[in-house]
Amino acid sequence: MASTLLQTFLTCSLLLISICHGQPSFRPAALAIPVRKDASTQQYVTTINQRTPLVPINLVVHLGGQLLWVDCDSSYVSSSYRPVQCRSAQCSLARSKSCGDCFDGPKPGCNNNTCGVSPDNPFTRTATGGELAQDAVSVQSTNGSNLGPFTSVPQFIFACAPTFLLQGLASGATGLAGLGRARVGLPSQFAAAFSFRRKFAVYLSSSTSSNGVVIFGDGPYNFLPGIDFSPSLRYTPLFINPVSTASAFTEGDPSDEYFVRVNSIRINDKPLSINTTLLKIDSEGNGGTKISTVNPYTLMQTSIYTAFSAAYITEAAARNISRVVGVAPFDVCFSSSNVFGTRVGPAVPYIDLVLQGQSAVWTITGSNSMVRVNDDVLCLGFLDGGSNPRTSIVIGGYQIENNLLQFDLAASRLGFSYTLLGSRTTCASFNL
């Protein structure tokens, strides 16, 4: 036990030395990156500055992704690029035991005796081999209300990937920003570089014309007109799935994605009758509930979805909301003629996800449950995920838009808010 603790301490110390070497004196309390919704793919895209000289790069946000990876085949030029060597501390931190040689270099992504990793595209479920490397990254600081100066991490760990791995990503994206719980994920690297808590907050905007934001570090989380949502967060534990959910992984690797425990589901305060065994993660990593920015809408295992959609249709009918023919990809749709608008979206039945913890009820109102497909039709933004999915419930991007989610990796808990629309603000109201 003592040797394990010593090994962990030495590894983390080496990471701090690696990332923080050459740091400027300015140490921000938090960092902020803008996030916009791509209209074509419904993916969430951010922009950061990387390399020397700095170049803005567009990255698709993967909430559960292991690390940052970029296309190094297409005009990657940087004087500060450094490949990570085999059996180094950085290689161990990436949970890699792979060494590689490349005889078409030296160049970014192609060097000898380097650490090999498997950059992953979750949208196409594709992974490939790539070179682990380090280079300069620059992002903007924040005090929770306003943006501050840019600050840099000179030796930020990332993976080089071939151009074909970009298939399926939003137009203009040159890689993926992994926000997962891995030690080489963006949250852990920024926390190590600037000595703040391993914590980050996500606010996804529902608008394709106004940005949301991801904040690394602690709050406050102030939105116009001066509302701090930190005190109103409710909390539920984050669970570790013991088996990786990535497209490619080494046996024994845990998942880097964020799982929560849904104990029950209610519609208009009426609990559903479902197989609760499906709501727990088994020893093989199956079941449970995760939060994802890969899936645009929430997916439910077939038996859960059947009970959920039937109950929702019943409650909607009690409000004289008429069902109409489904519009792909949605099975359950309604006429909007008898549905009134409110501050929190269409006046439709509320959905409660009853999570682990005291008062940990995630209420989903019409703004996050109903998708307007045209002027006359609203559809329930939940889909059948199949009879035997790896994860029983996947909470998708649409359901977390205009909600504040705080992922505290150090405390292993999720803080979540009620929809910001109820307070007459949105995730686009952060002062970017």
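Residues numbered from 1 in each chain as written. Predicted model: local features only at pLDDT ≥ 70, side-chain atom pairs only at ≥ 80, totals over all residues. Heavy atoms only, no water.

### Describing the sheet that holds strand β29 (residues 370–372)
Link 1 in the chain: The antiparallel open sheet is built from 4 strands, whose spatial order is β23-β24-β30-β29. The sheet terminates laterally at β23 (323–324) and β29, the two strands that pair on one side only.
Link 2 in the chain: Here strand β24 (residues 333–335) pairs with strand β30 (residues 377–380) via 3 bridges, running antiparallel. Counterpart to Ser-335 in the pairing with β30 is Val-377.
Link 3 in the chain: Those strands touched by helix α4 (residues 302–317) are β23, β24, β29 and β30, and its axis lies near 10 degrees from that of β24. (Pairing = 2+ DSSP bridges. Helix = DSSP H or I, 4+ residues; strand = E, 2+ residues; numbered from the N terminus. Contact = heavy atoms within 4.5 Å. Axes fitted to C-alpha atoms, helices over the stretch in contact; angles between N-to-C directions.)

### Focus: the confidence of the model for the protein
Link 1 in the chain: For the protein, mean pLDDT is 91; residues scoring 70 or higher make up 92% of the total.
Link 2 in the chain: Residue range residues 1–25 is modelled with pLDDT below 50. Its contacts to residues more than four positions away, or to other chains, number 30 contacts. (pLDDT = per-residue confidence, 0-100.)

### Quick look at the pattern of salt bridges
Link 1 in the chain: For the coordinates displayed, the defined rule picks out 10 salt bridges.
Link 2 in the chain: Between Arg-95 and Asp-256 there is a salt bridge, with its nearest N and O atoms 3.1 Å apart. In this pair, Arg-95 sits in the loop between α2 (89–93) and β6 (98–100) while Asp-256 sits in the loop between β17 (234–237) and β18 (258–260), placing the two residues 161 residues apart along the sequence.
Link 3 in the chain: Residue Arg-95 is classed as partly exposed on the basis of its relative accessible area of 30%.
Link 4 in the chain: The residue Lys-270 makes a salt bridge to Glu-315 at a minimum N-O spacing of 2.9 Å. Here the residue Lys-270 occupies a position in strand β20 (residues 270–271), and Glu-315 occupies one in helix α4, the gap between them amounting to 45 residues. (Salt bridge = Lys/Arg side-chain N within 4 Å of Asp/Glu carboxyl O. Buried < 20%, exposed > 50% of the residue type's maximum accessible area, 1.4 Å probe, protein only.)

### Concerning the side chain of Gln-50
Link 1 in the chain: Among the structural elements, Gln-50 can be located in strand β2 (residues 44–50).
Link 2 in the chain: By relative accessible area, which is 0% here, Gln-50 ends up buried.
Link 3 in the chain: A distance of 3.0 Å separates polar atoms of two side chains, one belonging to Gln-50 and the other to Arg-51.
Link 4 in the chain: Excluding its chain neighbours within four sequence positions, the residues that come into contact with Gln-50 are Val-55, Ile-57, Leu-68, Val-70, Tyr-76, Asp-135, Ala-136, Val-137 and Phe-158. (Polar contact = N/O pair within 3.5 Å; in protein donor to acceptor, adjacent residues only side chain to side chain.)

### Focus on the environment of Arg-413
Link 1 in the chain: With respect to the helices, strands and loops of the structure, Arg-413 is situated in strand β34 (residues 413–416).
Link 2 in the chain: Counting along the chain gives 179 residues from Arg-413 to Arg-234, while the straight-line C-alpha distance between them is 10 Å.
Link 3 in the chain: Leaving out residues up to four positions away in the same chain, Arg-413 has contacts with Tyr-235, Thr-236, Pro-237, Leu-238, Gln-406, Phe-407 and Asp-408.

### Section: unusual backbone geometry
Link 1 in the chain: The omega angle of the peptide bond from Gly-105 to Pro-106 is 5 degrees, so this bond is cis rather than trans.
Link 2 in the chain: As for its position among the elements, Pro-106 is in the loop between β6 and β7 (114–117).
Link 3 in the chain: The omega torsion of the bond from Gly-219 to Pro-220 falls at 15 degrees, within 30 degrees of zero and hence cis.
Link 4 in the chain: For Pro-220, the location among the structural elements is in the loop between β14 (212–217) and β15 (222–223).
Link 5 in the chain: Although it is not a glycine, Asn-402 adopts a positive phi angle of roughly 60 degrees.

### Some remarks on empty space enclosed by the protein
Link 1 in the chain: By the definition in use, this model includes 1 cavity of 30 Å³ or more.
Link 2 in the chain: There is about 30 Å³ of room inside the largest cavity.
Link 3 in the chain: Forming the boundary of the largest cavity are Thr-298, Met-300, Leu-353, Ile-364, Phe-382, Ile-393, Ile-395 and Gln-399.
Link 4 in the chain: When residues of the lining of the largest cavity are traced back to their parent elements, those giving at least two are β22 (298–300) and β32 (393–395).
Link 5 in the chain: For the lining of the largest cavity, the residue count by class is 6 nonpolar, 2 polar and no charged. (1 Å grid on protein atoms, 1.4 Å probe; cavity = no way out; pocket = protein on both sides within 12 Å on 5 of 7 lines; lining within 4 Å. Points joined across faces, edges and corners; volume = space filled by probe spheres on them. Nonpolar A, V, L, I, M, F, W, Y, C, P; charged D, E, K, R; others polar.)

### Some details on helix α3 (residues 186–194)
Link 1 in the chain: Along α3, 9 of the 9 residues are buried, which leaves the element largely enclosed by surrounding structure.
Link 2 in the chain: Listed in full, the buried residues belonging to α3 are Leu-186, Pro-187, Ser-188, Gln-189, Phe-190, Ala-191, Ala-192, Ala-193 and Phe-194.
Link 3 in the chain: Within two residues after α3, Ser-195 carries a phi angle of roughly 60 degrees, on the positive side.

### Quick notes on the state of the cysteines
Link 1 in the chain: Within this structure, the stated rule accounts for 5 disulfides.
Link 2 in the chain: Put simply, Cys-72 and Cys-160 are joined by a disulfide, and their sulfur atoms are 1.9 Å apart. Between Cys-72 and Cys-160 the disulfide shows an S-S torsion of about -70 degrees. By sign, it is left-handed. Here Cys-72 is found in the loop between β4 (69–71) and β5 (82–83), whereas its partner Cys-160 is found in strand β11 (residues 147–161), with 88 residues between them in sequence. A single burial state applies to Cys-72 and to Cys-160, both of which are buried. (Disulfide = S-S within 2.5 Å.)

### Here we look at the nonpolar core
Generally speaking, nonpolar side chains in soluble globular proteins are found buried as a group.
Link 1 in the chain: Counting 73 residues, the largest nonpolar core has Phe-190, Phe-200, Phe-216, Ile-265, Ile-291, Trp-362 and Phe-407 as its most contacted members.
Link 2 in the chain: Apart from the residues lying within four places of it in its own chain, the contact partners of Ile-265 are Lys-270, Pro-271, Leu-272, Ile-274, Met-300, Ile-304, Phe-308, Ile-351, Asp-352, Leu-353 and Ile-393.
Link 3 in the chain: Counting residues in each nonpolar core, the second largest holds 22 residues, with Val-117, Ile-157, Leu-165 and Val-184 among its members. (Core = buried A, V, L, I, M, F, W, Y, C linked by side-chain atoms within 4.5 Å.)

### With respect to the layout of surface pockets
Taking a probe equal in size to a water molecule and rolling it over the atoms shows the remaining empty space.
Link 1 in the chain: Put simply, the largest pocket is a space of about 960 Å³.
Link 2 in the chain: As for the largest pocket, its lining consists of 49 residues, and the residues nearest its centre are Ser-244, Thr-245, Ala-246, Ala-248 and Phe-249.
Link 3 in the chain: For the lining of the largest pocket, the secondary-structure elements that each account for two or more residues are α2, β6, β7 and β22.
Link 4 in the chain: The residue makeup of the lining of the largest pocket, split by class, is 19 nonpolar, 20 polar and 10 charged.

### Quick notes on the environment of Val-325
Link 1 in the chain: Positionally, Val-325 belongs in the loop between β23 and β24.
Link 2 in the chain: Among the residues examined, Val-325 registers a relative accessible area of 71% and is labelled exposed.
Link 3 in the chain: For Val-325 and Ser-335, which are 10 residues apart along the polypeptide, the C-alpha to C-alpha distance reads 9.3 Å.

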